[in-house]
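# Remarks on the overall topology
Here's the letter readout for the chains.
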Amino acid sequence: MSSINIALLGYGTVGKGVYKTIESHQERLQQLLGKPVKVVAILVQDKTKHIIPSKEVLFTTNFDEITRIPNLHIVIDAIVGKEPGFSYLKIAIEKGCHVITANKEMFAFHGSELQSQAKKKGVSIGFEATVAGGVPVIQTIKQLLQVNHILKVEAILNGTSNFILSNMRIEGTSFEETLQLAKEHGYAEADPTNDIQGYDAFYKGMVLSQLIFQKQPSVEEVKRKGITNILAMQIEIAESAGLRFKHIVSLFKQGEEVHCKVEPVLVTEEHPFYQVEGVQNSVSIATDLLGNIQLQGPGAGMFPTASAVLEDLIQLNRTSIVEPSFKEWTDSSETSAKWVLFCDTYQLVAFQETIHVVDRIHKKAVVVESKDEVIASFQSAYPDIEYYALKGPYESKVATVSV
Ligand code: NDP
Ligand code: HSE
């Protein structure tokens, strides 16, 4: 019987997970796809690091050898960075292969071009694994967009950051120790800068923006902040006030502009992200008909990501026509909002007319209410203070607070 032949680019956490899952789920895949699924080639950077999984697999460092394989049907990209992934997928599509990618950095910048090329060639592109690991957010959004208008998305999209913030709080481990653990679990990238500085979440936000709004905000306009400035002491203060740090991406469209913010915020107990812990990701989608839905699950790691890649494999031959569908996001409460400022009392004196102190949660931390632009000028006056948006209903614990 003929088979569905796959070349796997990359044999690290994701590549190995995909290989093993194709082996372990062969019978089910065959039932669903009508043919055996075979990994016929694997591309890596350094062959000496690896145990070759089977003599029947071409294990190579040379992509040209992969392009010469006859009857190659699918190329799965599980390598790192914009290049060479982009060039390899362009060649694969040109050759008439379907492609599936887990490489969000590459797809955030080149997804749109690859999709146009694939459309012209009549092949499919799966990119479920680029956003939120194993959580089926791409398929869900494609499905929703057929009838609903998507108004806004708020999401925890970096498993490593959420794992670090949760573990530091629960286990009292240091930032460095917890990051090391995230690497050992296969959550963090080999170079984890993108995870902890918010770039990884930003790439995922860009993939969602392109899918939902058919455009992306300009990179310079996106406020992007990672979790590296959050101190163990601040996590402790927040916890004692019933608040938790979460690193979130928010995305919405107003007029012709798509707005995206990638930043750590503090959430109250009632907020849907409060209980999202460890490597979990969560995506909250506001729509006009359905209202709000929230998807949650493991956002990184070998088998959750392999699950997303295999879901794409099953979907490849099912076409879905998705027209962009959006209404503007309007929320007047966004103009005056609550914040937690880690600052000294004297620093607020000059701002007492415009920054209203709601609560003092520590001698060096206050909950305040103010407009975005006032908080921005407070931050320019005191660049060293840390401030975080506060999300979810917040009840003041003291009757009156004076500066
Ligand atoms: P790893 O670092 O574990 O593995 C990367 C693999 O790609 C290695 O096998 C490496 O080869 C190979 N590789 C890297 N550069 C090249 C190159 N230039 N040519 C050929 N092979 C190359 O990464 P992950 O498996 O964790 O991630 C793979 C991709 O999936 C990344 O884009 C990542 O962002 C994304 N992703 C990761 C998730 C996770 O949970 N880890 C989840 C979702 C997406 P060698 O082994 O020889 O060095
Ligand atoms: N490094 C990424 C994360 C992997 O921690 O979320 C999943 O994309």
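Heads up: the structure comes first, above all this text.
So, here's what we can say about the structure. (Residues numbered from 1 in each chain as written. Chains lettered and ligands numbered in written order. Predicted model: local features only at pLDDT ≥ 70, side-chain atom pairs only at ≥ 80, totals over all residues. Heavy atoms only, no water.)

## Here's the deal with the site of ligand 1
As a reminder, the rule being used: We call a residue near a molecule or strand as soon as one heavy atom of that residue lies within 4 Å of the molecule or strand. Between N or O atoms, a polar contact is any pair within 3.5 Å; within protein, one atom must be a potential hydrogen donor and the other a potential acceptor, and residues adjacent in sequence are included only when both atoms are from side chains. Surface exposure here means Shrake-Rupley accessible area, sampled with a 1.4 Å probe, where a residue is shielded only by the protein chains that are shown. Only Asp, Glu, Lys and Arg are considered charged, only Ala, Val, Leu, Ile, Met, Phe, Trp, Tyr, Cys and Pro nonpolar, and every remaining residue, Gly among them, polar.
In the vicinity of ligand 1 lie 24 residues, with Asp 46, Lys 49, His 50, Ile 79 and Gly 301 positioned nearest. Within the contact set of ligand 1, an oxygen atom lies 3.1 Å away from a backbone nitrogen or oxygen of Thr 13. Ile 79 places a polar main-chain atom, nitrogen or oxygen, 2.7 Å from an oxygen atom of ligand 1. For ligand 1, the accessible surface in isolation is 900 Å², of which the surrounding protein chains cover 88%. Looking at side-chain class alone, the shell around ligand 1 contains 11 nonpolar, nine polar and four charged residues.

## What about the pairing of strand β12 (residues 292-298)?
Formally: Any two strands with at least two DSSP-identified bridges between them are counted as paired. In DSSP terms, a helix is any run of H or I states spanning at least four residues, a strand is any run of E spanning at least two, and both are numbered starting from the N terminus.
Relative to β12, strand β11 (residues 280-287) is paired through seven bridges, and the arrangement is antiparallel. Paired with Ser 284 across the strands is Gln 294, a residue of β12. In this antiparallel pair of consecutive strands, β11 and β12, the connection spans four residues, and Gly 291 shows a positive phi of 85 degrees.

## Overview of the site of ligand 2
Looking at ligand 2, the residues that line it are Lys 104, Leu 157, Asn 158, Gly 159, Thr 160, Tyr 187, Glu 189, Asp 195, Asp 200, Lys 204, Gly 299 and Ala 300. At 2.6 Å from an oxygen atom of ligand 2 is found a side-chain nitrogen or oxygen belonging to Thr 160. Here a nitrogen atom of ligand 2 and a side-chain polar atom of Glu 189 are 2.7 Å apart. The fraction of the free accessible surface of ligand 2 (260 Å²) that becomes covered by protein chains is 93%. Looking at the shell around ligand 2, the elements with two or more residues in it are α7 (159-171) and α10 (199-213). Taken together, the residues of the shell around ligand 2 break down into three nonpolar, four polar and five charged.

## Some points on the side chain of Lys 253
Threshold: Only protein chains enter the calculation, and the probe is 1.4 Å; a residue is then buried if its accessible area is under 20% of its type maximum, exposed if over 50%, and partly exposed in between. Charge counting follows a simple rule: Lys and Arg are positive, Asp and Glu are negative, and His as well as the terminal groups are ignored. For salt bridges, the criterion is a side-chain nitrogen of Lys or Arg within 4 Å of an Asp or Glu carboxyl oxygen.
Structurally, the position occupied by Lys 253 is in strand β9 (residues 243-254). Among buried Asp, Glu, Lys and Arg side chains, Lys 253 stands out as unpaired, with Glu 256 the closest opposite charge at 4.2 Å. For Lys 253, the side chain forms a polar contact with the main-chain oxygen of Gly 255, separated by 3.5 Å.

## Points about the pattern of salt bridges
Any two side chains of opposite charge can pair, given that their charged atoms come close. A complete count under the given rule lists 16 salt bridges for this structure. Here Glu 94 and Lys 121 are joined by a salt bridge, their closest N and O atoms 3.8 Å apart. Taken together, the positions of Glu 94 in helix α4 (residues 85-94) and Lys 121 in helix α5 (residues 104-121) put the pair 27 residues apart, joining distant regions of the chain. By relative accessible area, Lys 121 is classed as partly exposed at 37%. Through salt bridges with shared partners, a single ionic network connects Arg 169, Glu 239, Arg 244, Lys 246 and Glu 277.

Read these as geometric descriptors, not functional statements.
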